[in-house]
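Structural overview
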Amino acid sequence: MSERSPLVRGMRDLYADELARIRFVEEVFGNTLESYGYEIIRLPVIERTALFSRGIGEATDAVSKEMFTFDEESDPVSLRPEGTASCVRAVIDANLYRGGQPKLWYSGSMFRHERPQRGRYREFFQVGAEAFGFDGPDVDVELIRVVQDVWDQLGLANEITLEINTLGNAASRQKHREGLVAYLTPYKDELDEDSQRRLDLNPLRILDSKSGQTQRLIEHAPEISDYLDDESRRHFDEFQERLACQGVDATVNSRLVRGLDYYTHGVFEWNTERLGAQKQVGGGGRYDGLCELLGGAPCPATGFAIGVDRVALLQQDRGIEAPISTPDVYVLALSDDEEGFALDVAMQLRRQTKLRVRMHQGGGKVKARMRAADRSGASVALIIGAHEAASNQVSLKWLRTVQDQVAVPVTELTATLLNSN
RNA sequence: GUGGAUGUAGCUCAGUGGUAGAGCCCCGGAUUGUGGUUCCGGUUGUCGAGGGUUCAAAUCCCUUCAUCCACCCCA
């Protein structure tokens, strides 16, 4: 035997229950977003590295140390660590916002080169949505409302909490930044190592440092609310009022700054206490400056992204079953002589119904064939032997309920199966 | 990138220097046209990999790889 090739770290094969949960979450998100009139967009997995370093921020962990990057003829490209930058690029490239106000959603793999652990993989799945051309905050609230709808449908409304904050507009954010640097610089030597580095690069991120020492220092640090101008304050007030009107519970967390650089105004995160260390299941916010930063016409925009893996884990933790893709009907001929008849029966069912019909193959004794029928998960076995074939019937046996096996004429089979569900 | 734990059958695991095991699963029979329950029988192994110590290593030592959990950070 030749040598086996192990999985690349952080990559997974997904199948059976685990995949069923992930597909279910993706499907509910997709259907819900479509029901709000959002249109799907499919984006490339690989982009120029520069798109991410400019769009997400050179100083963020996601860009500075977590990207899978390789050279494409000395033009560095990377596997996407998130979807927003690509989506904005696509909107700019096709000038999608010129004729309207696109509301888009996407779903797919994202990649970050981190040490894997529960709820965090190097290839993971996100569903996201972005709305372009709206100043908000009505549309920001709609996005949150969409996600709340999904939590309700998934039975997770009680497991997930929403935190919100505002970063203000560009001017307010800049003043806050200056105030923060002025406050923290005298204490520079007392900050943790990461925060010292961020003091120049991205001082806002110091606010959500986990270091106890740093936490004590920032306890009295200036907050964004001290610097909000009238426009920013009105935006955040209306954001909160509209959330309340929609019956969405949210807690203001003034330390919430988000990991990526492009946010402005209202930002938000969904958290859970049930996934060990990985509390965050999703987040988003407004990014009014990003289109211009990436070379497009100025355009206000807002969006969110959800970690599908974490939502699926949460469902597993809550014991919520996802629909699994097993056959409905298992067709087994008892010998080769009835094979052709059995194939005709199976084809008739596939054409006349949406039932999933699996044929038995591989021979074996009747006992083995019946065992295969049971193991397939099908709820019905159609048994076809010499008697049945001679009389143009099938023997219909329910595998999951206690009912007598019955002989059914082929002409009545479809109706019999459809009426029994 | 840092720390801790764990790698033995398809799965869950026991085995701390002396012939590799259990339960579940799987296969066969009881039941030659009927699964799932019951009874009887059977198969399943580079003990993660490489090296060392020893008469003898799954077991002790070294190296390495992988996985999990946590830190950092994030979805």
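Within every chain, residues take consecutive numbers counted from 1 along the sequence as written. All chains are assigned letters beginning with A, and all ligands numbers beginning with 1, in the order in which they are written. pLDDT decides what is reported in this predicted model: residues at 70 or higher carry local features, side-chain atom pairs at 80 or more are listed and counted, and totals for whole chains, interfaces and linings draw on all residues regardless. The side-chain quantities take in all heavy atoms of the structure and omit both hydrogens and water.

For the rest of this paragraph, the subject is the layout of surface pockets. Each cavity reported here is a set of points on a 1 Å grid over the protein atoms alone in which a 1.4 Å probe fits but cannot get out, each pocket an open set with protein on both sides within 12 Å along at least five of seven lines, and each lining residue one with an atom within 4 Å of a point. Grid points are joined across faces, edges and corners, and a volume is the space filled by probe spheres set on the points. In this structure, the second largest pocket occupies an estimated 420 Å³ of space. Every residue lining the second largest pocket is counted, 17 residues in all, and those nearest its centre are Arg173, Arg177, Asp261, Tyr262 and Tyr263. Helix numbers and strand numbers start at the N terminus; a helix is a DSSP run of H or I with at least 4 residues, a strand a run of E with at least 2. Residue assignment for the lining of the second largest pocket shows that the elements contributing at least two residues are helix H6 (170-184) and helix H10 (290-293). Ranked by residues supplied to the lining of the second largest pocket, first place goes to H6 with 4 residues. The residue inventory of the lining of the second largest pocket, partitioned by class, reads 9 nonpolar, 4 polar and 4 charged. Throughout this entry, Asp, Glu, Lys and Arg are counted as charged residues, while Ala, Val, Leu, Ile, Met, Phe, Trp, Tyr, Cys and Pro are counted as nonpolar. The remaining residues, Gly among them, count as polar.

Our focus in this paragraph is the pattern of salt bridges. Any two side chains of opposite charge can pair if their charged atoms end up close together. Each salt bridge in this description consists of a side-chain nitrogen of Lys or Arg and a carboxyl oxygen of Asp or Glu lying within 4 Å of one another. By the definition in use, this model includes 19 salt bridges. Of the charged contacts, one joins Arg286 and Asp288 as a salt bridge, the two residues approaching to 2.8 Å between their closest N and O atoms. What makes Arg286 buried here is its relative accessible area of 0%. One network of salt bridges, with partners in common, ties together Glu159, Arg274, Asp317 and Arg318. Three exposure classes are used, based on accessible area relative to the maximum for each residue type with a 1.4 Å probe and protein chains only: buried under 20%, partly exposed in between, and exposed over 50%.

Next up on the list: the packing of aromatic side chains. When the centres of two rings from Phe, Tyr and Trp lie within 6.5 Å, Trp using its six-membered ring, the rings pair. Their planes under 30 degrees apart give stacked, over 60 give edge-to-face, and anything left gives tilted. For the structure on display, the rule yields 10 aromatic pairs. Taken together, a centroid distance of 6.5 Å and an interplanar angle of 35° make the contact between Phe239 and Phe268 tilted. One end of the pair, Phe239, is in helix H9 (residues 230-245); the other, Phe268, is in strand S9 (residues 264-272), and 29 residues separate them in sequence. Phe268 matches Phe239 in its accessibility class, with the two residues each being buried. Their ring planes at 80° and their centres at 6.0 Å tell us that Trp270 and Phe304 sit as a pair that is edge-to-face. Of this pair, Trp270 sits in strand S9 while Phe304 sits in strand S11 (residues 301-307), and the two are 34 residues apart along the sequence. Phe304 matches Trp270 in its accessibility class, with the two residues each being buried. Taken together, the ring pairs connect Phe29, Trp151, Phe236, Phe239, Phe268, Trp270 and Phe304 into an aromatic cluster. Any Lys NZ or Arg CZ that is within 6 Å of a ring centre and within 35 degrees of that ring's normal is treated as a charge sitting over the ring. In this arrangement the basic side chain of Arg12 is found over the ring face of Tyr121, its NZ or CZ atom lying 3.6 Å from the centre.

With that settled, consider the protein's contact with RNA strand B. Surveying the vicinity of RNA strand B reveals 45 residues, the closest of which are Arg112, Arg120, Arg371, Glu388 and Leu399. Here a residue is considered near a molecule or strand provided that any single heavy atom belonging to it is located within 4 Å of it. Counted by atom, the contact set of RNA strand B within 4 Å of the protein is 57% sugar and phosphate. The side chain of Arg310 places a nitrogen or oxygen atom 2.7 Å from a base oxygen of RNA strand B. Lys365 is positioned such that a nitrogen or oxygen atom in its side chain is 2.5 Å from a phosphate oxygen of RNA strand B. The set of elements that each furnish at least two residues to the surface near RNA strand B consists of strand S6 (123-132), helix H7 (193-201), strand S10 (280-286), helix H13 (366-375), helix H14 (386-391) and strand S15 (393-398). No other element matches the 6 residues that H13 contributes to the surface near RNA strand B. For the surface near RNA strand B, the residue count by class is 11 nonpolar, 13 polar and 21 charged. Under this definition, polar contacts are N or O atom pairs within 3.5 Å; protein pairs additionally need one hydrogen-donor-capable and one acceptor-capable atom, and for neighbouring residues in sequence, both atoms have to be side-chain atoms.

Glancing now at the state of the cysteines. The bond known as a disulfide is covalent and runs between the sulfur atoms of two cysteines. Cysteine sulfur atoms are paired as a disulfide whenever they fall within 2.5 Å. Applying the stated rule across the entire model yields 0 disulfides. Cys87 takes part in no disulfide bond, and the closest cysteine sulfur to it belongs to Cys291, at a distance of 9.2 Å.

Attention now goes to H9. The terminal C-alpha atoms of H9 lie 22 Å apart, and with 16 residues this matches the ideal 22 Å at 1.5 Å per residue to within 8%. Only heavy atoms matter for contacts: two residues are in contact if any of them lie within 4.5 Å across the pair. At its buried positions, H9 is contacted by helix H5 (138-154), strand S7 (160-166), H6, strand S8 (251-252), S9 and S10. Looking at the residues trailing H9, positive phi occurs at Gly247, about 75°. Helix span is expected to be 1.5 Å times the residue number reduced by one.

The rule for pairing is simple: two strands pair if DSSP sees at least two bridges between them. Spatial strand order, S13-S12-S14-S15-S16: 5 strands in an open sheet with mixed pairing. Strand pairing shows two members of the sheet lacking a second neighbour, strand S13 (357-359) and strand S16 (406-409), which therefore form its edges. Pairs of neighbouring strands in the sheet enclose a mean axial angle of 30°, with direction left out of account. Of the strand pairs in this sheet, strand S14 (residues 380-384) and S15 are connected by 4 bridges, and their pairing is antiparallel. Bridging from a neighbouring strand, Ile383 pairs with Ser395 of S15. In this fold H13 packs onto strand S12 (329-333), S14 and S15, with an angle of close to 170° to the strand it touches most, S12. Each axis is a line fitted through C-alpha atoms, taken for helices only over the stretch in contact, and angles between the N-to-C directions span 0 to 180 degrees. Each of S12, S14, S15 and S16 is contacted by helix H15 (residues 410-420), which is oriented at about 120° to S16, the strand it contacts most.

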